[in-house]
Amino acid sequence: SAPSVSPALSAAELTALRDRALGDYAALVERGLSLDLTRGKPSPRQLDLAAELLTLPARGHLAADGTDTRNYGGLQGLTELREIFSGPLQVPAAQLIAAGNSSLALMHDSVVHAMLSPLPGAGRRWADEPRVAFLCPVPGYDRHFALCERFGIELIPVPMTADGPDMDVVERLVAEDAQIKGIWCVPKYSNPDGVCYSDETVRRLAGMTAAAPDFRIFWDNAYAVHHLTDTPVEIADLLALCAESGNPDRAFVYGSTSKITFAGAGVAFFGSSPANTAWLLGHMAKGTIGPDKINQLRHAEFLRDEAGVLEHMRRHRELLQPKFDLVQAILAKELGGTGLASWSSPAGGYFVSLDVLEGCAREVVRRAAEAGIALTPAGATHPYGDDPRDSTIRIAPSYPGLEELEQAITGLAVCVLLVATEKLLEQAG
Ligand code: PMP
């Protein structure tokens, strides 16, 4: 949530802070930086952790069950790889599909297929509905929103809480509006505010009454194993809870190795009920004879088992944690106690969400860009790029080196101080 608008600073203190920020900002622009904090990309050193993949498969081209991975077929993906990710994604291997290199592509195709063919339980396909709407917990992931916009799906923002989306709002809307067909959820270390859904939230999502018989939870578990602490967060098992609550077909689960192995050459997963999985496989079969099983075999050989995945993620953490710690330290040092900003302290995932005074985010991003620090556009965390409070800024610390990151976050803090103090002095007249 946005920090309170009247920080505990006197007019004299504000003016002094503004004057210092003006000087700091001029010096910042003078340095002619060129830094990029826009997207959550793994750094080259993180990609190097999976360098061995480039030499695999080393044991030949046969999968454990004898499948010749060089040939056509095996639409659902290699069993041994589905078994490795069954635990982390909380989907029985038999109901998990290992597909191509992008979970976003699977989300996209799920929406397209629902547009063109009725989902299990649906009376008609979404293209024949007068209106299709999705709930979007905000702040959220801009590519989810863009995907829906491309197909004319209406986006309805829902506020986030520390436990996930505000379930009172979600339950009310989903129960009363049969045109609400989906909700976007990043349930663990969410993009961008790092929120992890509480067991109670997951239970309510699974059990709530939905007016639409073909309502689906798009459960994008992109950061399922991306921990930054010694106490990994475990979330409740949505798929199992949906089945227990009599809504077995409600959950569409997604995940990928994009931020485990190679972001552009990993493996993506879809998991759901037997009916939904068969529905998607049936439609996928019209577009491909099977996935790249050699890449899947290479991943199974490299990661070995669930413990191998977790061990590999510990090496990512060694590279990522100093960056996240640095962001926290700089923000605390430069902005702590001012009342001019608040920020998330994620226990995993790829982002820090920075909230500035209402009406300041766009100007902070503009000022930062002028100083050579590229940030995700303000508003991107909200449907239609419209953050009504103009308050949320997403920080992606993974890619830059520590030195560059320090420059970028220090510079960003200068921009926050400058824009916020100018705003408050302007309001004070
Ligand atoms: N979902 C979320 C929440 C993400 O943050 C990202 C990457 N930034 C993706 C999906 C993209 O995943 P993939 O590479 O598997 O398409």
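Since the model is a prediction, treat every value here as computed from it, not as a measurement.

Novice: Sorry if this is basic, but what is going on with the overall build of the chain here?
Specialist: The helix and strand tally for the chain stands at 13 helices and 13 strands. In terms of overall dimensions, the chain is globule-like: its C-alpha atoms have a radius of gyration of 23 Å, near the 22 Å expected for 429 residues. In terms of overall dimensions, the chain has a C-alpha envelope of 75 × 55 × 35 Å along the principal axes. The proportion of buried residues among the 429 residues of the chain is 49%. A fraction of 77% describes how many contacts in the chain between residues 6 or more apart in sequence connect residues 24 or more apart.

Novice: Help me understand the site of the ligand, please; the structure alone is not making it clear to me.
Specialist: With respect to spatial proximity, the complete set of residues near the ligand consists of G40, S102, S103, L104, Y141, V186, N191, D220, A222, S256, S258 and A268. Looking at the shell around the ligand, its residues break down into 5 nonpolar, 6 polar and 1 charged.

Novice: In this structure, what is going on with unusual backbone geometry? I would like to understand it.
Specialist: For residues that are not glycine, phi is negative in most cases, and the peptide bond is trans in most cases. Note the cis peptide between L56 and P57, where omega equals 0 degrees. With respect to the helices and strands, the residue P57 is situated in the loop between α2 (44-48) and α3 (79-89). Looking along the chain, the bond that leaves V138 and enters P139 is cis, with omega of 0 degrees. By secondary structure assignment, the location of P139 is in the loop between β3 (133-138) and α5 (142-150). If you check the backbone angles, R304 has positive phi at about 70 degrees while not being a glycine. When you line up the elements, R304 lands in the loop between α10 (293-303) and α11 (306-335).

Novice: So what exactly am I meant to see when it comes to the nonpolar core here?
Specialist: Nonpolar side chains tend to gather and get buried jointly when the protein is soluble and globular. Counting 126 residues, the largest nonpolar core has L238, V356, V364, C415 and V416 as its most contacted members. When residues of this core are assigned to their parent elements, the largest contribution, 13 residues, is made by helix α13 (residues 402-428). Formed jointly, this core draws a minimum of three residues from each of two domains, domain 1 (11-46 + 310-428) and domain 2 (63-304). Residues contacting C415, with those up to four places away along its chain left out, are Y25, V364, R367, A368 and A371.

Reading the values: the criteria
- Residues numbered from 1 in each chain as written.
- Predicted model: local features only at pLDDT ≥ 70, side-chain atom pairs only at ≥ 80, totals over all residues.
- Helix = DSSP H or I, 4+ residues; strand = E, 2+ residues; numbered from the N terminus.
- Rg over C-alpha atoms; globule rule 2.2 N^0.38 Å.
- Buried ≥ 20, exposed ≤ 12 C-beta atoms within 10 Å, placed from the backbone.
- Contact = placed C-beta atoms within 7 Å.
- Near = placed C-beta within 6 Å.
- Nonpolar A, V, L, I, M, F, W, Y, C, P; charged D, E, K, R; others polar.
- Core = buried A, V, L, I, M, F, W, Y, C linked by C-beta atoms within 7 Å.
- Domains from an automatic or database assignment.

So far we have only geometry, and geometry alone does not tell us how the molecule works.
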